Amino acid sequence: MSTSVTLPTIPRQASPFQPGSSPLKVLGASIPGVADGLDRVETTMHRLATSSAVPDVNDVALRIVSAGGKRLRSVLALSSALAWGGSVTDELVTAAACIELLHAGSLVHDDLLDDAEERRGVRTINAEWGTGHAVMIGDFIIVRASQAAMVSLRQPISDELASAAVDLVDGQFLEMQDAYVLGRTRDNARRSVALKTGALFRASCAVGARCVGAGDGGVDRMREFGTKFGVLFQILDDLLDLAGSAETIGKPVGNDLRQGVYTLPLLGVLEDRRLTGVRALLRERPRQLTDADVAEILAAVRSTDLVERTLAHCHALADDAAVALPPLASEEIGDILRALPASYVYWAESVLAHS
């Protein structure tokens, strides 16, 4: 596949994002204070994850939070605060750490629901110790984050996190309700994504602004930016699961199909006449797909306009997100944040071009 990759037009300065580069790494390197702030977030996460009176709980929880990850949510929180002219305060660091812990705990539960055996090359808690341990460790991480938020953060900030946590659960529940439902609507899928993924992106941008005293109007627009970016981010991840390769994305593809999660990119092309066989297969034995079945489905959907259609939608979402971002105290950081959603679309195009 050959894909043309261009850069967004950013006013006042050249975009720091380059085709094929990791947008997150560029973001951390482009905004002074983010890298040091991330180190403090990591330290706080480790402290909170090892605060149980039971040593084994600490060991397993620390394994989860130390397993890597993009830390995109905490980068958004730090960048948002700095864009408003603030600094990386202890409150901001704690808020960012809590967001990352909520995300980490939810992933433990996701692995359990999906019966996943590995995440980022490491065996999952449910695969290593069983269902009960996975439930308890996921609960501990989430509850510890909630406790830290209630104790250490001002109420408007802890309220943002609590609202996001509720939405995350609602979004996951809606996705489970539609599992293996061939008639899943795009509206239902979009709502689930906005809640499940968009919520923590929304909270990250909002708490960054709240921590430095942004007004309600500015916080509302930061929420909107975060939600739209989160939806875009999830749609791109779903597209890579259908059209990428295990070598380029670093994990097996077709996982959503195996779990009966019919994502927005798939729903967008499912009525294509070339997918008659795919629809029949998903209708007849969706829970018993073999590796050969998954490979056949992936080949079929890739023969449609899946990639072009989804990328065009994501470019439109990136434009909407950029418009949502309010005027900020730091024009330089504001320009970088406006370019960030589009940079992820260009990054995905580059990945797909090498798949």
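Residues numbered from 1 in each chain as written. Predicted model: local features only at pLDDT ≥ 70, side-chain atom pairs only at ≥ 80, totals over all residues. Heavy atoms only, no water.

**Some details on unusual backbone geometry**
- Within the chain, R71 stands out as a residue other than glycine whose phi angle is a positive 60 degrees.
- Here R71 shows up in the loop between α3 (55–65) and α4 (72–83). (Helix = DSSP H or I, 4+ residues; strand = E, 2+ residues; numbered from the N terminus.)

**Some words on the pattern of salt bridges**
- Considering all chains together, one arrives at 17 salt bridges under this definition.
- For R184, the salt bridge is made with D178, and the minimal N-O distance between the two is 3.2 Å.
- Assessed through its relative accessible area of 8%, R184 is described here as buried.
- The network of salt bridges with shared partners includes E160, R210, D216, D220 and R223. (Salt bridge = Lys/Arg side-chain N within 4 Å of Asp/Glu carboxyl O. Buried < 20%, exposed > 50% of the residue type's maximum accessible area, 1.4 Å probe, protein only.)

**Observations concerning helix α17 (residues 306–324)**
- Helix length check: α17 (19 residues) gives 27 Å between terminal C-alpha atoms against 27 Å at 1.5 Å per residue, within 8%.
- As for α17, its buried residues are in contact with α11 (216–243), α14 (264–269), α16 (291–302) and α18 (331–353). (Expected span 1.5 Å × (residues − 1). Contact = heavy atoms within 4.5 Å.)

**Focus on a negative patch on the surface**
- A cluster of acidic residues, D114, D115, E117 and E118, forms a negative patch at the surface.
- Take E117: it is sitting in the loop between α5 (90–114) and β1 (118–119).
- By relative accessible area, which is 54% here, E117 ends up exposed. (Patch = residues over 30% accessible without salt bridge, like charges linked within 9 Å, V, L, I, M, F, W, Y side chains within 5 Å. Areas by Shrake-Rupley, 256 points an atom, 1.4 Å probe, with all protein chains shown as cover. Lys, Arg positive; Asp, Glu negative; His and termini not counted. Charge placed at Lys NZ, Arg CZ, Asp CG, Glu CD.)

**Some words on the side chain of E175**
- Tracing the chain through its elements places E175 in helix α8 (residues 155–177).
- If we skip the residues at most four places from it in the chain, E175 touches R184, S192, K196 and V261.

**Some details on helix α10 (residues 198–211)**
- Taking 1.5 Å as the rise per residue, α10 with 14 residues should run 20 Å; its terminal C-alpha atoms sit 20 Å apart, in good agreement.
- Counting buried residues along α10, 14 of its 14 residues qualify, which places the element largely inside the surrounding structure.
- Two residues or fewer past α10, G213 is found with a positive phi of approximately 85 degrees.

**Brief notes about the packing of α4 against α10**
- For the pair α4 and α10, interaxial distance at closest approach is 7 Å and the crossing angle is 30 degrees. Regarding the angle of α4 to α10, the classification is roughly parallel. Note on packing geometry: the crossing formed by α4 with α10 is right-handed. Contact residues: L72, R73, L76, A77, S80 and A81 in α4; L200, F201, S204, C205, V207, G208 and A209 in α10.
- When grouped by side-chain class, the residues that make up the contact of α4 with α10 number nine nonpolar, three polar and one charged. (Axes fitted to C-alpha atoms, helices over the stretch in contact; angles between N-to-C directions. Parallel < 35°, antiparallel > 145°, perpendicular 65-115°, else oblique. Left-handed = near helix turned anticlockwise from the far one by under 90°. Nonpolar A, V, L, I, M, F, W, Y, C, P; charged D, E, K, R; others polar.)

**Some points on the nonpolar core**
- Core analysis: the largest hydrophobic core is formed by 111 residues, its most contacted members being L161, L232 and Y344.
- No other element matches the 13 residues that α11 contributes to this core.
- Apart from residues no more than four positions distant in its own chain, L161 is found in contact with A95, C98, I99, L102, A149, L153, A203 and V207. (Core = buried A, V, L, I, M, F, W, Y, C linked by side-chain atoms within 4.5 Å.)

**A closer look at the packing of aromatic side chains**
- Tallied over the entire structure, the rule returns six aromatic pairs.
- Ring geometry for Y344 and W347: centres 6.2 Å apart, planes at 70 degrees, overall edge-to-face. Of the two residues, Y344 and W347 both sit in helix α18, three residues apart, roughly one turn of that helix.
- Among the residues examined, W347 registers a relative accessible area of 26% and is labelled partly exposed.
- An aromatic cluster of at least three residues, connected via ring pairs, comprises F201, F225, F229, F233, Y344 and W347. (Phe/Tyr/Trp six-rings, centres within 6.5 Å; stacked < 30°, edge-to-face > 60°.)

**Considerations on the side chain of Q172**
- Examined against the element boundaries, Q172 turns out to sit in helix α8.
- Residue classification places Q172 among the buried residues on the basis of a relative accessible area of 12%.
- Those residues in contact with Q172 that sit more than four places away from it in its chain are D110, L113 and K196.

**Focus on the environment of S51**
- Relative to the helices and strands, S51 resides in the loop between α2 (34–49) and α3.
- The class for S51 is partly exposed, based on a relative accessible area of 34%.
- Along the chain, S51 and E100 lie 49 residues apart, while their C-alpha atoms are 16 Å from each other.
- Beyond its immediate stretch of four places on either side in the chain, S51 contacts N58, F140 and R144.
- Polar contacts involving the side chain of S51 include one to the main-chain carbonyl oxygen of L48, which spans 2.7 Å.
- Polar contacts involving the side chain of S51 include one to the side chain of R144, which spans 2.5 Å. (Polar contact = N/O pair within 3.5 Å; in protein donor to acceptor, adjacent residues only side chain to side chain.)

**Re the state of the cysteines**
- With the rule as written, the count across this model stands at zero disulfides.
- C205 supplies the cysteine sulfur nearest to C314, a cysteine that is in no disulfide, at a spacing of 17 Å. (Disulfide = S-S within 2.5 Å.)

**Some thoughts on the environment of T131**
- Mapping T131 onto the fold places it in helix α7 (residues 131–152).
- Residues T131 and D115, 16 residues apart in the sequence, show an inter-C-alpha distance of 9.3 Å.
- Sequence-distant contacts of T131, defined by excluding residues within four places in its chain, comprise L112 and N126.

**A short note on the confidence of the model for the protein**
- Averaged over every residue, the pLDDT of the protein is 90; the share at 70 or more is 94%.
- Between residues 1–14, whose pLDDT stays under 50, and residues either more than four places distant or in other chains, the model counts 29 contacts. (pLDDT = per-residue confidence, 0-100.)

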